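The chain contents come next:
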Amino acid sequence: MGPSILVFCTAATLMLQPSVSYLRNYIDLSSRNLSSVPGDLPKEAELIDLSRNLIQLLQRGDFRNTPILRFLNISWNCLESIHPEVFLGTPLLQDLDLSHNCLKNLTDQPYLQRAGNLLFLNLAYNKFVTMTLAREFSSLAKLERLTLGGNVIRVGDFGNIADVELRLLSLHLEGKLLYEPGSLKDAYARRLQVELNKEFPLHLINDALSFFPEVELLKLPEGCRELSRQLSQRAEIYTSRLFLTNVSINWSDFTRCVTVALNTTVSHLSVSDVTLHRLPQTDTPMANTSRVKSVTVREVTVKSFLFSQEAVYNFFINMPVESLALTDTAIIHMTCPKSQSPVTHLSFSHCSLSDTIFSRVEGLITIECKTLGNLRTLTLARNNFKSLQSLSKRMRYMKSLQDLDLSFNRLVYDGQGECYWPQNISILHLSSNSLTSSAFQCLPTGVERLDLQNNQLSVVSSSTLKLKRLLSLNLNANRLLDLPVCDNFPLLQELLLRSNSLHAPSVDRLESCPRLKTLDVSYNAFMCICPLRGFIRLGLESEKNRTGVTFLQWPQGYYCSYPEAFKDSNLNNIWISEISCNTGLLAAAILCPAVVTISVVLMLCRHFDIPWYVGMIWQWTRAKHRARHQLRPQDLVGIKFHAFVSYSQKDRDWVWDYLLPNLEGPAGGLRICHHEKNFVPGRTIINNILTCVETSRRCVFVLSAHFIKSNWCHYELYFASHQHLARSSDSVVLVLLEPVPQYLIPSKYYQLKAMMARHTYLEWPQDKAKQRLFWANLRAALQADLPDLTVSDTEE
């Protein structure tokens, strides 16, 4: 398939998208070697694809049984003739593709009189010589997009569509084109799209720039030289938006074309799918002023190997325009403008930028950019940014910045170090990163709309910065266990918590959100037990407009996950009786003094987290006591590792960032076995698991929701449990990374349920103050004097 056909197919796909998206009954008859339209088409057909067949003739009754047909594709056939009444039975037809056929005369298209509802018509790549449109085209009053092809264009050819207001007129020039100046004057379209070839008349581009608000030139030949010449010779250009698509060009011609365009009356210049050759070694001069308001460059491919990247970046960043976008391009850095930039809207989305963006290093000092002070909107989505703190430094001097998009990166913040955001940021997009709860300590305090969805937040702590102007907080798809308290967000109006881990939201926390109007807690694993009664009552009152808070997705997005009797039932249909939740009142009245005393003790214990510390110290003491008793030598025969670590691949980051550094090396001094390091290539996974379990004194299982979904983790647990019975020792250590209630564990994993009921497991604390005791406890449980490894053992 030739390049021109590829371009056409891409454009056709985009054109068909609006009309096809809502169709339900799609009949695919493409590539069936059909010589005629089948007579058994179903009446409910809305879309029929007859492309790539051998149909030569459309007859009168071909579509008499398809009254609701809206889309018809007969491209890539051998059509030579179409009956005038072939569309008599298709009054709803909106999209007709007759491209790549053998139709010969555009002046003879009588079938269009029966297609008055057409929105899209494609007649490109037929055997038309001239583009003289038949009078039947005047009946297409609703037509929005028209695609044509031919070799000759004369004045008056488009007279029959002079009253039709097209959104797009697409011309595909086939072979050497004869064009009469002024021929496009009768065609009214919002955008003119022209696919050029090597031999095209200059008058065509001149008329395009004179008659159409938007012009798109595809496959512009000769490196834009003729276009640059025409642009430089015109004082005024009617076209306000100029698009150059699928361009292969030298750097010098590209920069000349852009520089010339900047001095025209065009308000927007867009260059896409561009291939650059002969890139520079030194900076390219850039004009200081521009009449163009915005420039967009996307999908750039570089064909040079030796060139100055800084010179290329400097050309783009120093453009004197209000809006600049360089997207879908594999750039790894962007320099800082040499002087104060007039750019107010800047986008570098879907590139490969790193944390050093806009900065430069001189010696050991990082010089930050101070010439983007007018910037109001900055889009940096889908790049390779990692440090939230570093990016705050990069934007420190962007005093006018209001809207910042950093979504779909790999951002983290460990809570260490100060952040330096400009205070005017009011909209911040941080979705789809790797941020934890500490990210709230590294935010601009003036933010009004904050998007943190699809991260790893588990709690919104009281140490969060006070965001006095925050109106909307999006925490969808995180790991939150309860509703956040709004003490630090006094003006919060919208709170989104869809798809978290909320089992029984604490309704009383909403009392700290006096201005809250919209709440979304849908698609959480609700436990329909007594603590949920208040939340259900609030939802029912919201449904009846008795509260000031609107529950989004209520009631279809709110259903029970536990107990089994209520599973998958909507919360508005659940009734939890009051007596079932208050049976302890009588006992409380009788044993009031004891209950009060116990309650006070429990509250103090909970407040100071005493049970956790007592439990951890007790486990540490037991582990030390066991360590003082010398193991029998026969117990360590064949043992090479202190422990084999089993975990889900989705918990890999925690294992590599926390577990292994605290157990191995100088911190722990233990020898740890895990599949990414110790599985032997070529062996089966089962043999690798058996070998690792047999050569490890203990097995550490990192339990999480991902673990119970992993079949391989289940195999490792199975073999470890049998090894435990064989050795008659406490060889299994369970580390609970996140809450995993037993009712969520599938019944087939009975061994895991039994182990969790029988073994005391270690819970990973979110509080950093508790983590030192956690690591001490775990190291004590694994510590043992193992025989030294030989060189051969290490290699194995």
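Residues numbered from 1 in each chain as written. Predicted model: local features only at pLDDT ≥ 70, side-chain atom pairs only at ≥ 80, totals over all residues. Heavy atoms only, no water.

The protein is annotated in an unreviewed UniProt entry as Toll-like receptor 1 from Tetraodon nigroviridis. Under the Sequence similarities (unreviewed entry) heading, UniProt states for the protein: "Belongs to the Toll-like receptor family." (UniProt positions renumbered as here; feature names shortened; annotations may be inferred.)

S.K.: Teacher, can you tell me more about the sheet that holds strand 32 (residues 732-736) here?
M.R.: Hydrogen bonding along the main chain pairs the strands of a sheet, whether they run parallel or antiparallel. The parallel open sheet is built from 5 strands, whose spatial order is 30-29-31-32-33. Looking along the sheet, the strands with just one partner apiece sit at the ends: strand 30 (672-673) and strand 33 (762-763). One ladder, built from 5 bridges, connects strand 29 (residues 641-646) with strand 31 (residues 696-703); its direction is parallel. Paired with Ser646 across the two strands is Phe701, which belongs to strand 31. In this fold helix 14 (residues 685-694) packs onto strand 29, strand 30 and strand 31, with an angle of close to 120° to the strand it touches most, strand 31. (Pairing = 2+ DSSP bridges. Helix = DSSP H or I, 4+ residues; strand = E, 2+ residues; numbered from the N terminus. Contact = heavy atoms within 4.5 Å. Axes fitted to C-alpha atoms, helices over the stretch in contact; angles between N-to-C directions.)

S.K.: Would you mind going over helix 17 (residues 768-782) with me for this structure?
M.R.: Quick reminder: α-helices carry 3.6 residues per turn. Residues three or four places apart thus point the same way. For helix 17, built from 15 residues, the straight-helix expectation of 21 Å at 1.5 Å per residue is met to within 8% by its first-to-last C-alpha distance of 22 Å. Residues of helix 17 that are buried: Lys770, Gln771, Phe774, Trp775, Asn777, Leu778, Ala780, Ala781 and Leu782. (Expected span 1.5 Å × (residues − 1). Buried < 20%, exposed > 50% of the residue type's maximum accessible area, 1.4 Å probe, protein only.)

S.K.: Explain the pairing of strand 12 (residues 241-250) to me, please; I cannot follow it from the model alone.
M.R.: It is a general feature of regular strands that their side chains alternate between the two faces of the sheet. With 7 of its 10 residues buried, strand 12 lies for the most part within the structure. In terms of strand pairing, strand 11 (residues 214-218) meets strand 12 through 5 bridges, oriented parallel. Bridge pairing links Glu214 to Arg241 in strand 12. Relative to strand 13 (residues 268-277), strand 12 runs parallel, the two sharing 9 bridges.

S.K.: Sorry, what's going on with the packing of helix 4 (residues 251-262) against helix 5 (residues 309-317) here?
M.R.: Two numbers describe a pair of packed helices, the interaxial angle and the distance between the axes. At a minimum axis distance of 12 Å, the contact between helix 4 and helix 5 shows a crossing angle of 15°. Considered as vectors, helix 4 and helix 5 are oriented roughly parallel to each other. Helix 5 is crossed by helix 4, and the crossing has left-handed handedness. Seen from helix 4, the contacting residues are Trp251, Phe254, Thr255, Val258 and Thr259; seen from helix 5, they are Val312, Phe315 and Phe316. Residues of the contact of helix 4 with helix 5, tallied by class, amount to 6 nonpolar, 2 polar and no charged. (Parallel < 35°, antiparallel > 145°, perpendicular 65-115°, else oblique. Left-handed = near helix turned anticlockwise from the far one by under 90°. Nonpolar A, V, L, I, M, F, W, Y, C, P; charged D, E, K, R; others polar.)

S.K.: Even after reading the chapter, I still don't get the nonpolar core, so can you show me in this structure?
M.R.: In a soluble, globular protein the nonpolar side chains are often hidden away together inside. Counting residues in each nonpolar core, the largest one holds 168 residues, and the members touching the most others are Phe63, Phe137, Phe348, Phe358 and Leu450. Contact partners of Phe137, with chain neighbours within four places excluded, come to Leu106, Gln109, Leu112, Leu121, Leu123, Leu146, Asn160, Ile161 and Val164. Counting 23 residues, the second-largest nonpolar core is a separate cluster that includes Cys673, Cys713, Leu717 and Ile745. (Core = buried A, V, L, I, M, F, W, Y, C linked by side-chain atoms within 4.5 Å.)

S.K.: Explain helix 3 (residues 225-233) to me, please; I cannot follow it from the model alone.
M.R.: Residues Leu227, Ser228, Gln230 and Leu231 constitute the buried set of helix 3. Projected down its long axis, helix 3 carries its buried residues within an arc of 165°, all on one side. Seen from the open side of helix 3, the exposed residues pointing more than 90 degrees away from its buried face are Arg225 and Gln233. Contacts from the buried residues of helix 3 go to helix 2 (202-211), strand 11, strand 12 and helix 4. (Arc of directions from axis to C-beta.)

S.K.: Whenever I open this one, the packing of aromatic side chains confuses me. Can you help?
M.R.: The relative placement of two aromatic rings is captured by the distance of their centres and the angle of their planes. Counted according to the given criterion, the structure contains 26 aromatic pairs. Ring centres of Phe254 and Phe315 lie 6.5 Å apart, and the angle between their planes is 55°; on these two criteria the pair is classed as tilted. Remark: Phe315 occurs in helix 5 and Phe254 occurs in helix 4; sequence separation between them is 61 residues. By relative accessible area, which is 1% here, Phe315 ends up buried. Every member of this aromatic cluster is reached through a ring pair, and the members are Phe526, Phe535, Phe551, Trp554 and Tyr558. Sitting above the plane of the Trp76 ring, Arg52 keeps its charged end 4.7 Å from the centroid. (Phe/Tyr/Trp six-rings, centres within 6.5 Å; stacked < 30°, edge-to-face > 60°. Lys NZ or Arg CZ within 6 Å of the ring centre and 35° of its normal.)

S.K.: I would appreciate a short explanation of empty space enclosed by the protein in the present structure.
M.R.: Rolled over the atoms, a probe sized like a water molecule indicates the empty space that remains. Enumeration according to the criterion identifies 4 cavities of 30 Å³ or more in this entry. Looking at the second largest cavity, its volume works out to about 50 Å³. Lining of the second largest cavity is provided by Cys224, Leu244, Val247, Ile249, Phe254, Cys257, Val258 and Val271. (1 Å grid on protein atoms, 1.4 Å probe; cavity = no way out; pocket = protein on both sides within 12 Å on 5 of 7 lines; lining within 4 Å. Points joined across faces, edges and corners; volume = space filled by probe spheres on them.)

S.K.: Please explain the packing of helix 11 (residues 652-663) against helix 17 as it appears in this structure.
M.R.: Relative to each other, helix 11 and helix 17 sit at 60°, their axes nearing to 10 Å. Viewed along their axes, helix 11 and helix 17 form a crossing whose handedness is right-handed. Of the residues in helix 17, those touching helix 11 at Trp654, Tyr658, Leu659, Asn662 and Leu663 are Trp775, Leu778, Arg779 and Leu782. A breakdown of the residues in the contact of helix 11 with helix 17 according to their chemical character gives 7 nonpolar, 1 polar and 1 charged.

S.K.: Any chance you could explain the state of the cysteines here in plain terms?
M.R.: A covalent bond between the sulfur atoms of two cysteines is referred to as a disulfide. Throughout the structure, instances matching the rule amount to 4 disulfides. Bridging Cys336 to Cys369, the disulfide has an S-S length of 2.0 Å. Of note, the bridge from Cys336 to Cys369 carries an S-S torsion of about 70° and is right-handed in sense. Taken together, the residues span a long stretch of sequence, with Cys336 in the loop between strand 15 (323-327) and strand 16 (345-347) and Cys369 in the loop between strand 18 (365-367) and strand 19 (377-379) at a distance of 33 residues. In this structure, Cys336 and Cys369 share a single accessibility class: buried. Cys528 shares a disulfide with Cys560; S-S distance 1.6 Å. Judged by the sign of its S-S torsion, about -80°, the cystine formed by Cys528 and Cys560 is left-handed. On the criterion of sequence distance, the pair formed by Cys528 in the loop between strand 26 (526-527) and helix 7 (533-543) and Cys560 in strand 28 (residues 560-562) is long-range, its members being 32 residues apart. The exposure class of Cys560 is buried, given its relative accessible area of 0%. (Disulfide = S-S within 2.5 Å.)

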